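# Close look at the chain arrangement
One letter stands for each residue in the lines below.
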Amino acid sequence: MSNGYDTENSVDLAPGDEHVEGGVGLRVLGYLTGLALAILLTATSFFVAGTDLVWQPSIPVALIVLAIAQMGVHLVFFLHITTGPDNTNNVLALAFGVLIVLLVIGGSVWIMANLNHNMMPMDQIMQMQR
Amino acid sequence: MVDATIAYPHSDPHHLRGMEASGIAHSGPASKRIATGYGFWIFILSDMVMFSAFFATYAVLLGQTAGGPSGRELFDLRNVAIETAFLLASSFTCGLASIAADTRSTIWFQLGMAVTCIFGLGFLTIEGREFASLVARGAGPTRSAFLSAFFTLVGCHGLHVSAGILWLLTMMAQVFAKGFRPDILRRILCFALFWHALDIIWIAVFTVVYLIGSAA
């Protein structure tokens, strides 16, 4: 094998490394598949954002779902994060990262919306301070 | 390739190859490539945690325009589409360059990295012009909390891309000067991880900042 690292003797794969039996052609095909899927999802995102054909309140949710799908495509086809046993450590680290990201974003948006909702309108605060 | 059983006579006494995943075989410490790549993967994830704080800030401050212009008036989605295409194409060519590095093909590696660099510079040029035009229209980062959050988040991503391009040029020079040594190959692995991760963050940027931000 020409990769300079011994995949046969190791249980794990470095993140970004690919476990394929095929040659260069297969690997390029993998990147081409990822590129095609990413283009499809990006184009859908831009189309959905600018169209009147979809029920308007559903658009932000649709955009977020499309973005998460595209992140998955990038992780699988470009970063080669798979569900295989040689990738367990990488997936676990990713899962922890995703947990923290969700906590930070979800928590901030939730708490700030709640504060906004409970705050007195600005003009009333000004009146009380007089 | 050296046969593993010849190099380490006792590493596989029962010929359990193919059964490593069962947990029966005990391999030694992970190779340097795995340790380096895994460490860099942890760094990338912590970088994403930092970006998540900027995204949370932007989401919270999206409506706080202080009477100034909102995203709908400011953002030019055609520019954003071009930027997205550039970054996606550069991610693809970066992948081709890492295949070339694995097959020790210097020409294809340098070509792939050069194309990646050109797409990255194109991305930075469009982003720089966008920022300049916003500031010229009086919509700089000091105008409102919304614009402060916008410039911090998108500018931070732009800084990462700039650092990535410097790293890319360094890798081209190192492969040119030193060839595909194992340590250089580890750096190429880390660079590819970094560059693909930047594209993943850009997905979140164009979705949350531009597409949702110009609808709000």
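### Description of the overall build of chain A
- Across its full length, chain A holds four helices and zero strands.
- Helices and strands in chain A line up, N terminus first, as α-α-α-α.
- Counting all 130 residues of chain A, 30% fall into the buried class.
- Partitioning the intrachain contacts of chain A with sequence separation of at least 6 by distance along the chain shows that 57% fall at a separation of at least 24.
- Counting only carbon and sulfur atoms, one obtains 72% of the accessible surface of chain A, whose full area is about 8,000 Å².

### So, the packing of helix 1 (residues 24–50) of chain A against helix 4 (residues 77–102) of chain B
- Their axes nearest at 10 Å, the elements helix 1 of chain A and helix 4 of chain B cross at an angle of 170 degrees. Classified by the interaxial angle, the pair formed by helix 1 of chain A and helix 4 of chain B is roughly antiparallel. Across the interface between the two elements, Val24, Arg27, Val28, Tyr31, Leu32, Leu35, Ala38, Ile39, Thr42 and Phe46 of chain A of helix 1 of chain A pack against Leu77, Val80, Ala81, Thr84, Leu88, Phe92, Gly95, Leu96, Ser98, Ile99 and Asp102 of chain B of helix 4 of chain B.
- Partitioning the contact of helix 1 of chain A with helix 4 of chain B into residue classes produces 15 nonpolar, four polar and two charged.

### Describing empty space enclosed by the protein
- Overall, the coordinates contain three cavities of 30 Å³ or more when judged by the stated rule.
- In terms of lining, the largest cavity is formed by 17 residues, of which the most central are Gly16 and Asp17 of chain A together with Ser98, Leu189 and Ala192 of chain B.
- Sorting the residues of the lining of the largest cavity by element identifies helix 1 of chain A together with helix 4 and helix 7 (182–215) of chain B as the ones contributing at least two each.
- Looking at the lining of the largest cavity element by element, the count peaks at six residues for helix 7 of chain B.
- Split into classes, the residues belonging to the lining of the largest cavity amount to nine nonpolar, four polar and four charged.

### Quick word on the environment of Thr51 of chain A
Residue and element names in this part refer to chain A.
- Relative to the elements of secondary structure, Thr51 occurs in the loop between helix 1 and helix 2 (59–77).
- For Thr51, the contacting residues outside a window of four places in its chain are Gln56 and Ile59.
- Of note is the side chain of Thr51, whose polar atom sits 3.0 Å from the backbone nitrogen of Leu53.

The rules we used
Residues numbered from 1 in each chain as written. Chains lettered and ligands numbered in written order. Predicted model: local features only at pLDDT ≥ 70, side-chain atom pairs only at ≥ 80, totals over all residues. Heavy atoms only, no water. Helix = DSSP H or I, 4+ residues; strand = E, 2+ residues; numbered from the N terminus. Buried < 20%, exposed > 50% of the residue type's maximum accessible area, 1.4 Å probe, protein only. Contact = heavy atoms within 4.5 Å. Areas by Shrake-Rupley, 256 points an atom, 1.4 Å probe, with all protein chains shown as cover. Axes fitted to C-alpha atoms, helices over the stretch in contact; angles between N-to-C directions. Parallel < 35°, antiparallel > 145°, perpendicular 65-115°, else oblique. Nonpolar A, V, L, I, M, F, W, Y, C, P; charged D, E, K, R; others polar. 1 Å grid on protein atoms, 1.4 Å probe; cavity = no way out; pocket = protein on both sides within 12 Å on 5 of 7 lines; lining within 4 Å. Points joined across faces, edges and corners; volume = space filled by probe spheres on them. Polar contact = N/O pair within 3.5 Å; in protein donor to acceptor, adjacent residues only side chain to side chain.

So far we have only geometry, and geometry alone does not tell us how the molecule works.
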